[in-house]
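So the chains spell out like this:
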Amino acid sequence: MFFYLSKKIAIPNNVKLKCISWNKDQGFIACGGEDGLLKVLKLETQTDDAKLRILSMNQTLEGHSGSVQLATWNEQYQKLTTSDQNGLIIVWMLYKGSWYEEMINNRNKSVIRSMSWNADGQKICIVYEDGAVIVGSVEGNRIWGKDLKGLQLCHVAWSADSKVLLFGMTNGEIHIYNNQGNFIMKMKLNCLVNVTGAISIAGIHWYHGTEGYVEPDCPCLAICFDNGRCQIMRHENDQNPVFIDTGICVVSVQWNHIGSVLAVAGSQKAVTQDKDINIVQFYTPFGEHLGSLKVPGKQLSALSWEGGGLKIALAVDSFIYFANIRPDYKWGYCLNTVVYAYTRPNRPEYCVVFWDTKNNEKYVKYVKSLISITTYGDFCILATKADEDHPQEENEMETFGATFVLVLCNSIGTPLDPKYIDIVPLFVAMTKTHVIAASKEAFYTWQYRVAKKLTALEINQVTRSRKEGRERIYHVDDTPSGSGDGILDYGKAIQGTRDPICAITASDKTLIVGRESGTFQRYSLPNVGLIQKYSLNCRACQLSLNCNSSRLAIIDISGILTFFDLEARVTDSTGQQVIGELLKLERKDVWDMKWAKDNPDLFAMMEKTRMYVFRNLDPEEPIQTSGYICNFEDLEIKSVLLDEILKNPEHPNKDYIINFEIRSLRDSRALIEKVGIEDASQFIEDNPHPRLWRLLAEAALQKLDLHTAEQAFVRCKDYQGIKFVKRLGNLQSESMKQAEVVAYFGRFEEAERMYLDMDRRDLAIGLRLKLGDWFRVLQLLKTGSGDADDSLLEQAHNAIGDYFADRQKWLNAVQYYVQGRNQERLAECYYMLEDYEGLENLANSLPENHKLLPEIAQMFVRVGMCEQAVAAFLKCNQPKAAVDTCVHLNQWNKAVELAKNHSMKEIGSLLARYASHLLEKNKTLDAIELYRKANYFFDAAKLMFKIADEEAKKRTKPLRVKKLYVLSALLIEQHHEQMKNAQRGKVKGKSSEATSALAGLLEEEVLSTTSRFTDNAWRGAEAYHFFILAQRQLYEGYVDIALKTALHLRDYEDIIPAVEIYSLLALCACASRAFGTCSKAFIKLESLDTLSSEQKQQYEDLALEIFTKHTPKDNRKSELDSLLEGGEGKLPTCVATGSPITEYQFWMCSVCKHCVLGQEITNYNFCPLCHSPVG
C-alpha cells in the first residue's frame, strides 16, 4: 500500500484548524477552526485519475463564535452537526446547494467533548465535559439525558447495532453503557499494561460494517491513547484484542470506508531536530503495519478518510493536506480477464469477480478469508485460509490440519487444483510451471500441472521423478544446493528467523527472495538452489524480474523504485570482483511497475498519477492516469482503473480498461501515414520490434506493396502473412487482390460487396462459409440466378437449425431442419417442443431399420407413449425392446400379446415378477387385473377367491361378497375355455372335437387336483346368492319359497357360518309354520361348538318359548321331503326362485350353467346368478 501527498489547501488568514470531517456519501469536507471558522468544501475529481482539480464547493458557514472543535456528518440524512468551545451546537442542512442552520442548542454550562451519530443516522449522542449525556433524534427531539456524576467525559461511540454506547473518560477509562444510559461495566484496557503517568484517550472509532468486513469476525473497534498504545477489538467485551504500539503521540484515529485500514495520526519526536515530525501510520485490523506518511507543518490536529478510501484529508496548522492512497487491491490479470475481489455488507465472504474484458462477461465466485490473488499466463492462484468446518480430502493426510489453501483457477474461476499448506502465504509468486508461496520464515514451491501443451524442452525441464515430489519447502536461512534436498517438512516453517522475508518474485529460471535487512537471495528454478546473495540497503515491498531475468526492479516501502543488475560484474572499492550492481536510476512515489514481456529493457511504472514508459532507463513523456498496469507487450500497455471498477464492482465497464501505445509505435504509425512506407521502414529498421514490422506489413498490404509486405512479415516471423502475400502475388486482377486484402483485415461486408461487384458470388459464399455466417450464405444462395448447390443449401439450413437449437429456439430450428432433411436433429426438436404428433409422423416416414428409430422409440418411452414406442421398436426389428417397453409402462396385455406373436419364452417369468411386486405392495386387485390382462385366468381366480374369502370373513355386505365370488367363478370359466381352445389348437387335424375337448379337460384335471375351487367354482357364488335370495323372499312375505331357498343353504356350511344358516332357516321355518324343520334347526344351533354357553342358553330359552305353543311337526310334508332328502338324484335348483325344477322345460345360462324355470326367465334380462345377458 502506498501513500503520497497530492494537494494542499490553505485556509484564509492563517486560521488554525481544529477538526476536519469528510462526508462518505456526498464527498463534502467540513473543517472547523479558531474564531468560529467553519467551511464546507467539495473537491471535483475527474474519473480515471486520482488527481484533484478544483473546489466545486467552498462555503463559509457563519454561526459559531468560539473555536469550532467538533464536526460530525449524518450521511443518511445529509446533515452536519458542529459544536464550539462555548458549548453551542448547530445542525446544518443542505438546501438548493448551500448549507443553512436547521437547529441550534446551547446548555451554557459546559463544553461538548464528543458527538456521535449511530449507524442508521437516527440518533445522536452528545457528551459534555461535566458528565452530562444527551441522546437526541435526527428530528431534534431529546430522547433521554443523564448526568454521570463525578465523571469527566471526552469521547463517545455507538456499536453497530446501536445497543451499546462507549463513554471515554478524561482519566483514560472507558465505560460501557446500554442505549438507555444504564451502566454495564468498565472496559478492560489491556494495552495499557505497564504504562505509568497520566494518559488520555486520543480516539475511539467503531467501524459499523456498512460495507462488509474483510473477513468474518474481524476486529472493528479501535481505541487509541495519546501515548501511542492502541487496541483493536472484535466487540466491546473482546478478551484478546489486537495490540499496537504506534510509537507516536496520537491525536486522531479513523477507519477507512470498509474497515480494512486504520489510520493513526500524530507526531513523533525526531532524533536530530528539536521539533516534532507529523506522521500518519496505517494498520490492518490485525495490527500489521502497512506504512507511514510524513506530513509537513507544525501541528497535525485531525484526519478524515474520503468515502472511497482513496484519499485522506489532514488538518495541519492552517492547511488541509490531501494524501492519495494506493490500496493493495486483491486483483490480477490473466488471459484477457481482470480478476478482482471486494467485500459486500450482506455476505461474510469475499466476492471474487472474473471479468472477461474481451467478451465483457463476468463470473462471480465467493471465497472465505481470501488472502491474495496472484495471476500468470492463463491461470490464477487464490490464497485463502482453510475452512475449519471442512477437513481436507483423505489424500492430503500428510498435511492434515493445514491452515491455508492455494487454489489454482482458470480464467473463469473454475478451481483446477487446491493445495493445502501449513505456512501463511503472505507472498505468492507464479511462473509458467511453479507457484511459490512464502511466509516470513520459509517458502514453499509447488510445480503445478495443467492440461496444456508444453514443448519437449519444457517437458524435459519439468519431468523430475515423482518420488522427489512436486512440492517442497525451504527455510530462508538454509542454503539448498538444488539437488532435491527440500522435502515437504512443515517443521522447517516453525523455526524462526532474525531476518524475515518481505517480498518474493520469480521467473521461469530464477527465484528472488527479499528480506527485511535488504538482503536478496537468488535461487535457481526449477531445482531450487541458492546461487547468490546480494545486499542492498532497502526494505523491498514489491519485486519484479524482467523477461530474461537479468534485471530486478525493487519498490521499497516508501515508494522508491530502484534497479539492480543481477549479471553485471563490477569491481568494488577493495578491488574484489562482485556480481550485481545497483543501477543509477531512482524514482520516488512509485506504486506500480511492469516489465514488458518481450523486451528486457522496456518497462512501465506508475508514479503518483502519471504513467512513465522507460526504454534503457530513459523515460518517455508521461501519461496522466491512475490505472493499475495489467500487461505490457507488443509495445502496448493495458491498464485497468480499479478505483473506478470498485466503486460499482458488480457492473464493470469496458471504459475502465485503457490501452496505451508507447512512443515508438505511435511514431511509426505517424511516419507511415504522413511520410510513406520507405522512410517508415528505415525508421523501423533502426528500432526493430515485431509489432512495428507487423504495422509496416499491414500498411504495405493496404497499398498492395507486396514486396515490402513480404519482407516485413518475414521480419516479424508471421508465416500465415507470408503465405497470404504469396497467394496475392498469384492473383491476376487488381480488384481481386484488393478484395482479398480487405477480407484479411476483417472488413468482411466490404469484401463481400467487392466480390459481388466482380460477379463472383462463389467467392462471397466461400467467405461467409469461412466466417460461419450461415444466414448470409443462405441469402446469397437464394439470390443467385441458376440452381443453387443442393448439398450446400442443405448444409446451410442445418447450420441455421443448429444456431437456433443452440439457443433453444426449437420452433425456428424445426423449419430449417425440415428443409435440411436432418432427421436426427428434427427428432430432438420435436421432443423438446413436446410435439409428439410430429415425432410420430417422422417415425412413420423413416424407412425400416433406420438408425434413428430406436432413439425415437426411447423418446416415446420417456413420455409414456406405449403404442408409438412399440410401433417404432417393431419397425426397427427390436421386439424384445418393445416388450420391455410394455412392461415398463405396465401395458402387460400388450406385452403378452407381443411376446406371443414373436414367440418369446420369458413372458411367464415377467408376469410372476411383476405380480409378486404388486402383492408385496398389497395391491392384490392390481395383480388380478394383471393376470387377467395377460390371460392367466387360473392365477387371477386364485387371488380373487382369496379376496372373496377374506371379505366373507369380515362379515361385510353379502352382496359385495357374492359379486367377488361371481368374479372368481367367471375367471375359472375363462380358464376352462382357454384350456379347451389350447387343446383344440394342439390336436388340429387329428381326431374329432370331442376327443380334443376331453384331452383339454384331462390336462386341466391334472392341474386342478390341487385346489378345491376349480371343481365347483360357483359354490361360493351360489351360497351367497341363496343367502341373499332367502332373506329377500322372507322380507317380501313369500315365506314358503323363502323356506325352500333357506333349506339349500345347508350344503354351504363351509362357506357361510352355520350360525347364520340355521338362524335364517329357523326364522323362515317359523314364519311358514313348518315347526318340524324349525325344531331341527334349533337342535343344530344348540349343538354348534362355535357358540359360547350363554349364547346356547339364549337359543334354548327361545326354542322352549316357541315349542311350548306349537308342536314341532311340519304341516305340509310332501314338497319339503324331497328337498330334505337330498341325495344322489338331486333335482336342479332354479336360481331365480330357489325351488327345485321338476319340469323338462327350463332355461340354462351359457356362462354359469345354472338353470331357471321356464316361466320365470321371461322376467329377467340377465342371469340371476352371474348376471350375464340372457341370450
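Since the structure is predicted, the reported quantities are computational estimates derived from the model, not experimental observations.

The bulk of non-glycine residues show a negative phi, and the bulk of peptide bonds are trans. Cis geometry marks the peptide bond from Leu525 to Pro526; its omega dihedral reads -5 degrees. Within the secondary structure layout, Pro526 lies in the loop between strand 43 (519-524) and strand 44 (529-535). Phi at Asn336 takes a positive value of approximately 60 degrees, unusual for a residue other than glycine. Relative to the helices and strands, Asn336 resides in the loop between strand 29 (331-334) and strand 30 (337-343). Of the residues examined, Asn336 reaches a relative accessible area of 28% and is grouped as partly exposed.

Quick look at the sheet that holds strand 43 now. Reading across from one edge, 41-42-43-44 is the order of the four strands in this open sheet, with antiparallel pairing throughout. Across the chains shown, the open sheet's two edge strands, defined by having one partner strand only, are strand 41 (501-506) and strand 44. Between one strand axis and the next, the sheet turns by 20 degrees as a mean value, whatever way the strands run. Examined bridge by bridge, strand 43 and strand 44 share six bridges and lie antiparallel to one another. Along strand 44, the bridge assignment pairs Thr519 with Ser535.

Turning our attention to the sheet that holds strand 28 (residues 319-326). Taking strand neighbours across the sheet as the criterion, the four strands line up as 1-28-27-26 in an open arrangement whose pairing is antiparallel. With one partner strand each, in any of the chains shown, strand 1 (2-10) and strand 26 (300-305) form the two edges of the open sheet. Taking the axes of each pair of neighbouring strands and ignoring which way they run, one obtains an average angle of 25 degrees across the sheet. Bridging between strand 26 and strand 27 (residues 311-316) involves five bridges; their strand directions are antiparallel. Across the sheet, Trp305 pairs through a bridge with Ile312, a residue of strand 27.

To continue, consider the confidence of the model for the chain. Looking at the chain as a whole, its pLDDT mean stands at 82, while 90% of the residues score no less than 70. Per-residue pLDDT stays below 50 along residues 391-400; that stretch engages in 13 contacts with residues further than four places along the chain or on separate chains. Segment residues 464-468 is flagged for pLDDT under 50; beyond a separation of four residues in sequence, or across chains, it makes eight contacts in the model.

What follows deals with the pattern of salt bridges. Using the criterion set out here, one finds 39 salt bridges in the structure. Residue Arg515 is joined to Asp477 by a salt bridge in which the shortest nitrogen-to-oxygen separation is 2.5 Å. Residue Arg515 is located in strand 42 (residues 510-515), and its partner Asp477 is located in the loop between strand 40 (471-475) and helix 2 (491-494); the two are separated by 38 residues in the primary sequence. Arg551 is the salt-bridge partner of Asp565, the closest N and O atoms lying 3.8 Å from each other. Residue Asp565 is located in strand 47 (residues 561-571), and its partner Arg551 is located in strand 46 (residues 551-556); the two are separated by 14 residues in the primary sequence. Comparing Asp565 with Arg551 shows no difference in burial state: the two are buried. One network of salt bridges, with partners in common, ties together Glu749, Glu752, Arg768, Asp773 and Arg776.

Residues Lys16, Lys18, Lys275 and Lys298 make up a contiguous surface patch of positive charge. Residue classification places Lys275 among the exposed positions, given a relative accessible area of 52%.

Right, let's talk about the state of the cysteines for a bit. Enumeration according to the criterion identifies one disulfide in this entry. Each disulfide pairs two cysteine sulfurs, and for Cys224 the partner residue is Cys230, the sulfurs being separated by 2.2 Å. With the S-S dihedral at roughly 85 degrees, the linkage between Cys224 and Cys230 falls on the right-handed side. Of the two residues, Cys224 and Cys230, neither departs from the other in class, the shared state being buried.

Attention shifts here to empty space enclosed by the protein. Using a probe with the size of a water molecule, rolled over the atoms, empty space left in the structure can be pinpointed. Under the definition given, this model contains one cavity of 30 Å³ or more. Here the largest cavity defines a volume of roughly 40 Å³. Among the elements of the structure, strand 51 (610-615) and helix 4 (663-674) are those that each provide at least two residues to the lining of the largest cavity. Among the elements that take part in the lining of the largest cavity, strand 51 stands out by supplying three residues, more than any other. Partitioned by chemical class, the residues of the lining of the largest cavity number five nonpolar, no polar and five charged.

The next subject is the pairing of strand 49 (residues 590-595). By the criterion of burial, strand 49 is predominantly enclosed, with five of the six residues buried. Note that strand 49 and strand 50 (residues 602-607) share five bridges and pair antiparallel. Paired with Met593 across the bridge in strand 50 is Met605. Hairpin connection between strand 49 and strand 50: a loop of six residues separates the two successive antiparallel strands.

This brings us to the environment of Leu1169. You can see Leu1169 is positioned in the segment after helix 32 (1158-1161). Distance in space between the C-alpha atoms of Leu1169 and Cys1152 is 7.8 Å, their sequence separation being 17 residues. Contact partners of Leu1169, with chain neighbours within four places excluded, come to Lys962, Val966, Trp1018, Ala1021, Glu1022, His1025, Val1135, Cys1152 and His1154.

What follows concerns the side chain of Ser439. In this fold, Ser439 is placed in the loop between strand 38 (434-438) and strand 39 (442-447). One polar contact links the side chain of Ser439 to the main-chain amide nitrogen of Glu441, over a distance of 3.3 Å. Dropping the residues within four chain positions of it, Ser439 is found in contact with Ile423, Val424, Leu426, Phe427 and Ile501.

The contact between helix 9 (residues 734-744) and helix 10 (residues 748-757) brings their axes to 8 Å, and the two run at 160 degrees. When the axis of helix 9 is compared with that of helix 10, the two are roughly antiparallel. At the point where helix 9 passes helix 10, the crossing takes the left-handed sense. Between helix 9, through Ser735, Met736, Gln738, Ala739, Glu740, Val742 and Ala743, and helix 10, the contact on the second element is made entirely by Phe748, Glu750, Ala751, Met754 and Tyr755.

Conventions we followed
Residues numbered from 1 in each chain as written. Predicted model: local features only at pLDDT ≥ 70, side-chain atom pairs only at ≥ 80, totals over all residues. Heavy atoms only, no water. Helix = DSSP H or I, 4+ residues; strand = E, 2+ residues; numbered from the N terminus. Buried < 20%, exposed > 50% of the residue type's maximum accessible area, 1.4 Å probe, protein only. Pairing = 2+ DSSP bridges. Axes fitted to C-alpha atoms, helices over the stretch in contact; angles between N-to-C directions. pLDDT = per-residue confidence, 0-100. Contact = heavy atoms within 4.5 Å. Salt bridge = Lys/Arg side-chain N within 4 Å of Asp/Glu carboxyl O. Patch = residues over 30% accessible without salt bridge, like charges linked within 9 Å, V, L, I, M, F, W, Y side chains within 5 Å. Areas by Shrake-Rupley, 256 points an atom, 1.4 Å probe, with all protein chains shown as cover. Lys, Arg positive; Asp, Glu negative; His and termini not counted. Charge placed at Lys NZ, Arg CZ, Asp CG, Glu CD. Disulfide = S-S within 2.5 Å. 1 Å grid on protein atoms, 1.4 Å probe; cavity = no way out; pocket = protein on both sides within 12 Å on 5 of 7 lines; lining within 4 Å. Points joined across faces, edges and corners; volume = space filled by probe spheres on them. Nonpolar A, V, L, I, M, F, W, Y, C, P; charged D, E, K, R; others polar. Polar contact = N/O pair within 3.5 Å; in protein donor to acceptor, adjacent residues only side chain to side chain. Parallel < 35°, antiparallel > 145°, perpendicular 65-115°, else oblique. Left-handed = near helix turned anticlockwise from the far one by under 90°.

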